[in-house]
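A closer look at the structure
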Amino acid sequence: MNRKNPAPPRLTGGPLPILGAAVLWGTTGTASSFAPDGAHPAAIGSAGLVLGGILLFLTGRGSFALLTRSDGRTRAILLLGAIAVAGYPLSFYPAVAHAGVAVGTVITLGSAPVFAGLLAWRLERVRPDRRWTVATVAAVIGCAVLVLGPDLVGSPTSVRPSGVLLALVAGFSYALYTIIAERLIRRGQTSGAVMGTMFAGGGVLVLPVVVATGTAWLATVEGALVALHLALFTVFLAYRLFGHGLRHTSASTATTLSLAEPAVAAVLGVALVGERLPWVSWSGLVVLALGLAVLKAPSPRKLRARR
């Protein structure tokens, strides 16, 4: 009679922060489309990373202590994470420019969960379970059909192999810094400190790219607003949510949940930009949503444990 009822699962933990981050990431394409014509694709994402990384570092509890008081092994891991963070905008935005938005997005986000699962298998000896495999396959297929829908019903466009390779590099970079962040957070480091340190380091690494490609576009109203949006929403706030979600979600699951990003981007394109999606793309959106729902729903084992 005195036994306490188990506490309900927190809505702020687990998959929901990851999905919230994916929603914010989905605004990247719409926001970057308002950048001035002279802005280099890699510079747009890098500028947002520089400012957003600084904000994450300054506001992350324990960021300075993690950077200055950690042992050599932890610093080496953080450096590797910063390199992976820097590698994402330097490869993703050129991939989109070479392969197209649709193909570049599908290959990057579709390969990231696969890379994350393989890295977890290699580094932590954790084999992906059947539920993750089914959900990931469904989400990747749904993402591909959603984004490639217009090409499937029309005339397909040519794709440069360099764009495909860059998209794979971007997917691997995303998976790698997600795995690194998850491992450090699970070891007891605060998510704010881990994300702040890695993204500040990544911002420092890409700063020469912003300078070398020209900063005149940042002096315009449109360029400044785009950079601020990317920094505040798609880096600072999104990775705050992402880091919090990694406390309760594996890296392989998190990368699969991030496949919600192209769905958000597609809906924004229809609602704000006036784009139209064929029925094939809408069917892909349904398949993608079902795949993410499989990961988001609690497993029967957890439900029995709560009872």
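See the structure printed just above.
The shown structure was predicted, so the numbers you read here are calculated from the model rather than taken from an experiment.

For the chain, the helix and strand inventory stands at 14 helices and zero strands. Reading the helices (α) and strands (β) of the chain from amino to carboxyl end gives α-α-α-α-α-α-α-α-α-α-α-α-α-α. With 307 residues in all, the chain has 48% of them scored as buried. Across the chain, every contact between residues at least 6 apart in sequence was considered, and the portion connecting residues at least 24 apart equals 88%.

Before going further, it helps to spend a moment on the pattern of salt bridges. Once their charged atoms are close, side chains differing in charge can pair, the charge on each being opposite to the other. The full count for this structure, using the stated rule, is one salt bridge. The salt bridge involving Arg 186 is made with Glu 182; its shortest N-O contact spans 3.8 Å. Taken together, the positions of Arg 186 and Glu 182, both in helix 8 (residues 161-186) and four residues apart, correspond to about one turn of that helix. The partly exposed category is assigned to Arg 186, whose relative accessible area is 46%. The exposure class of Glu 182 is buried, given its relative accessible area of 6%.

Turning our eyes to something else, we now look at the nonpolar core. Soluble, globular proteins show a tendency: their nonpolar side chains are buried together. Of all hydrophobic cores here, the largest spans 60 residues; its most connected members are Trp 25, Tyr 177, Met 195, Met 198, Phe 199, Tyr 239 and Phe 242. When residues in this core are grouped by element, the largest group, ten residues, is from helix 8. Discounting chain neighbours no more than four positions away, the residues touching Phe 199 are Leu 49, Gly 53, Leu 56, Val 85, Tyr 177, Val 235 and Tyr 239. Counting nine residues, the second-largest nonpolar core is a separate cluster that includes Ala 43, Ala 47, Val 226 and Leu 230.

What follows concerns the packing of helix 5 (residues 72-99) against helix 9 (residues 191-212). As a packed pair, helix 5 and helix 9 sit with axes 7 Å apart at the nearest point and diverge in direction by 50°. Taken together, the axes of helix 5 and helix 9 are oblique relative to one another. Helix-helix and strand crossings are classified by hand; for helix 5 and helix 9 the assignment is right-handed. Residues Leu 78, Gly 81, Ala 82, Ile 83, Val 85, Ala 86 and Leu 90 of helix 5 lie in contact with helix 9, whose contacting residues are Thr 197, Met 198, Phe 199, Gly 201, Gly 202, Leu 205, Val 206 and Val 209. Here the contact of helix 5 with helix 9 is built from residues that sort into eleven nonpolar, four polar and no charged.

So, about the packing of aromatic side chains. Here the structure, examined in full by the defined rule, presents 13 aromatic pairs. Ring geometry for Tyr 239 against Phe 242: centres 5.9 Å apart, planes inclined by 80°, an arrangement best described as edge-to-face. Here Tyr 239 and its partner Phe 242 are both found in helix 10 (residues 221-245), three residues apart, which amounts to about one turn of the helix. Of the two residues examined, Tyr 239 and Phe 242, each falls in the buried class.

As a further point, take the environment of Ser 70. Along the chain, Ser 70 turns up in the loop between helix 4 (63-69) and helix 5. A relative accessible area of 14% places Ser 70 in the buried class. Among residues more than four places away in sequence, those in contact with Ser 70 are Ala 65 and Arg 75. At 2.3 Å, the side chain of Ser 70 and the backbone oxygen of Leu 66 are in polar contact.

The rules behind the values
- In every chain, residue numbers begin from 1 and rise along the written sequence.
- For a predicted model such as this one, the threshold for reporting local features is a pLDDT of at least 70, and the threshold for listing and counting side-chain atom pairs is 80 or more; totals across whole chains, interfaces and linings nevertheless cover every residue.
- Values reported for side chains reflect all heavy atoms of the structure, with hydrogen atoms and water molecules removed beforehand.
- Only DSSP runs of H or I reaching four residues or more are called helices, and only runs of E reaching two or more are called strands; each is numbered from the N terminus.
- For the exposure calls, accessible area comes from a 1.4 Å probe over protein chains only, and a residue counts as buried if that area is under 20% of its type's maximum, exposed if over 50%, partly exposed in between.
- Here, two residues are considered to be in contact whenever any of their heavy atoms come within 4.5 Å of each other.
- The rule for a salt bridge is simple: a side-chain nitrogen of Lys or Arg has to be within 4 Å of a carboxyl oxygen of Asp or Glu.
- Nine residue types can take part in a nonpolar core, namely buried Ala, Val, Leu, Ile, Met, Phe, Trp, Tyr and Cys, and a core is a set of them joined through side-chain atoms within 4.5 Å.
- Here, axes are lines fitted to C-alpha atoms. For helices the fit covers the stretch in contact, and angles between N-to-C directions go from 0 to 180 degrees.
- Put simply, angles under 35 degrees are roughly parallel, angles over 145 are roughly antiparallel, angles from 65 to 115 are roughly perpendicular, and the rest are oblique.
- Definitions for this section: a left-handed crossing has its near helix turned counterclockwise from the far helix by less than a right angle. A right-handed crossing has that turn clockwise.
- Three classes are used: nonpolar for Ala, Val, Leu, Ile, Met, Phe, Trp, Tyr, Cys and Pro, charged for Asp, Glu, Lys and Arg, and polar for all others, with Gly counted as polar.
- Under the pairing criterion, centres of Phe, Tyr and Trp rings, with the six-membered ring standing for Trp, must be within 6.5 Å; the plane angle then separates stacked pairs below 30 degrees from edge-to-face pairs above 60, leaving the rest tilted.
- Between N or O atoms, a polar contact is any pair within 3.5 Å; within protein, one atom must be a potential hydrogen donor and the other a potential acceptor, and residues adjacent in sequence are included only when both atoms are from side chains.

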